[in-house]
Amino acid sequence: MDTLLIRERYKVVQVLETRENYAFAEAVDILDREKSSYLLNIYEGPLLRTYLPCFDQLDACPDFQGVFLEGESLVAVFRYRAGTPIDQVFYRGDRHDWRSRLEYAQQLLHQVLNMADLPAQVSCAALLSENVLVNENSRDISLRFQVPPMEEMNGRELVYLACDQLYKILLPRFSTPRAQLELLDQLEDGACATPVQLYSLWRERQPVIQEAYEKLEKRNFFRRWCSLLWGHFRHWAARRKRR
């Protein structure tokens, strides 16, 4: 871990995390004319044997640039990603309008769907809050592949993590129509067991939610307020009846 040059190609410019048998670093490819930046996940000891099979299954991941052995270390190289962690963008009191929220939600779930066939140790790590990055200028979401030891993960955990991140984007507030509240209830109740089911549910509910917002926009303040109040009451009553 002390070397600044890995495989005589990747110059480590910043070590972002270290723990037993694992390190995560940002590096520059000195053989690249543009000196592109990459992210290196470095494993040693028992983690080497655990993670080597995982990286043999990443052909479908466009951010994955390759894996190699360096001495007694396994090095997995991923494309560098920049952005603001999701928790710093979506929080109670933020000012994103509903159109932006639905667009960001779509992008997040598309990313999750693209990871459906990846090993859970890799896909779940990419959905940790510090790795879900938002670029508000281009209004897109990208995932940073920092893959610390998470051997206990499985496909169900991927859905749980995706729902947690989706909830931050679609955080309920008074201006939230009942259709969106009902979707969040379905996610909380564990309606989806796989990323494909989650994406299918979103594709089914998103037009209904959008239509509900558009109807609210067409109403004057008083009628919109009354509609939201009635919708929240019906939602509360339905939740109480179910539970």
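Residues numbered from 1 in each chain as written. Predicted model: local features only at pLDDT ≥ 70, side-chain atom pairs only at ≥ 80, totals over all residues. Heavy atoms only, no water.

Colleague: Help me understand the sheet that holds strand β8 (residues 132–135), please; the structure alone is not making it clear to me.
Modeller: Backbone-to-backbone hydrogen bonds join strands into a sheet, with any given pair of strands oriented parallel or antiparallel. Strand order in this open sheet of three strands is β7-β8-β9, and the pairing throughout is antiparallel. Two strands close off the open sheet at either side, each with one partner strand: β7 (84–85) and β9 (140–143). Sheet analysis places β7 next to β8, joined by two bridges and oriented antiparallel. Residue pairing in the sheet places P85 in a bridge with L133 of β8. (Pairing = 2+ DSSP bridges. Helix = DSSP H or I, 4+ residues; strand = E, 2+ residues; numbered from the N terminus.)

Colleague: Quick question: what am I supposed to make of helix α6 (residues 195–217) here?
Modeller: For an α-helix the count is 3.6 residues per turn, leaving residues at separations of three or four pointing the same way. Helix length check: α6, at 23 residues, gives a terminal C-alpha distance of 32 Å against a target of 33 Å (1.5 Å per residue), a fit within 8%. Its maximal kink placed at R205, α6 deviates by approximately 35°, while the proline P207 follows within four residues. (Expected span 1.5 Å × (residues − 1). Bend = angle between axes of the 7 residues up to and from the residue.)

Colleague: Any chance you could explain the packing of helix α2 (residues 98–114) against helix α4 (residues 155–169) here in plain terms?
Modeller: Relative placement of two packed helices is described by the angle separating their axes and the distance separating the axes. Contact pair α2 / α4: the axes reach a minimum separation of 9 Å and the direction vectors enclose 170°. What the angle tells us is that α2 and α4 run roughly antiparallel. Here R101, Y104, A105, L108, L109 and V112 of α2 lie close against α4, whose contacting residues are A162, Q165, L166, K168 and I169. When grouped by side-chain class, the residues that make up the contact of α2 with α4 number eight nonpolar, one polar and two charged. (Axes fitted to C-alpha atoms, helices over the stretch in contact; angles between N-to-C directions. Parallel < 35°, antiparallel > 145°, perpendicular 65-115°, else oblique. Contact = heavy atoms within 4.5 Å. Nonpolar A, V, L, I, M, F, W, Y, C, P; charged D, E, K, R; others polar.)

Colleague: Sorry if this is basic, but what is going on with the layout of surface pockets here?
Modeller: One water molecule sets the probe size; rolling that probe over the atoms shows where empty space is left. Here the largest pocket defines a volume of roughly 330 Å³. If you trace the largest pocket, you find 18 residues lining it, with P177, R178, A179, A212 and S227 closest to the centre. Elements with a contribution of two residues or more to the lining of the largest pocket: α5 (178–188), α6 and α7 (221–242). Class assignment of the residues belonging to the lining of the largest pocket gives a composition of seven nonpolar, four polar and seven charged. For the second largest pocket, the calculated volume is near 240 Å³. Lining the second largest pocket are 14 residues, and of these D97, W98, S175, T176 and Y213 lie nearest its centre. Those elements that place two or more of their residues in the lining of the second largest pocket are α2, α6 and α7. With three residues, α6 is the largest single contributor of residues to the lining of the second largest pocket. Across the lining of the second largest pocket, the residue classes tally to five nonpolar, four polar and five charged. (1 Å grid on protein atoms, 1.4 Å probe; cavity = no way out; pocket = protein on both sides within 12 Å on 5 of 7 lines; lining within 4 Å. Points joined across faces, edges and corners; volume = space filled by probe spheres on them.)

Colleague: Would you mind going over the sheet that holds strand β3 (residues 22–29) with me for this structure?
Modeller: Strand order in the open sheet made by the six strands is β1-β2-β3-β4-β6-β5, with antiparallel pairing throughout. The open sheet is flanked by β1 (5–6) and β5 (64–70), the only strands paired with a single partner. Packing against the sheet, helix α1 (residues 46–55) makes contact with β3, β4 (37–43), β5 and β6 (73–79), and its axis sits at approximately 40° to β6.

Colleague: Before we go on, may I ask you to explain the pairing of β5 in this structure?
Modeller: A regular strand carries its side chains on alternate faces of the sheet. Here six bridges tie β5 to β6, and the two strands are oriented antiparallel to one another. When the sheet's bridge partners are listed, F68 is paired in β6 with V75. Linkage of β5 to β6, two consecutive antiparallel strands, is achieved through a turn of two residues, within which G71 is found at a positive phi near 65°.

Colleague: Please clarify how the pairing of β4 should be interpreted in this entry.
Modeller: Most of β4 is tucked away, with six of its seven residues classed as buried. Two elements, β3 and β4, share seven bridges in a ladder whose sense is antiparallel. For E26, the partnering residue across the bridge sits in β4 and is L39. Examined bridge by bridge, β4 and β6 share six bridges and lie antiparallel to one another. (Buried < 20%, exposed > 50% of the residue type's maximum accessible area, 1.4 Å probe, protein only.)

Colleague: Would you explain the side chain of H96 in this entry?
Modeller: Mapped onto the elements of the fold, H96 is located in the loop between β7 and α2. Since its relative accessible area comes to 18%, H96 is described here as buried. Look past the residues within four positions of H96 in its chain and what remains in contact with it is V89, F90, R101, Y104 and E136.

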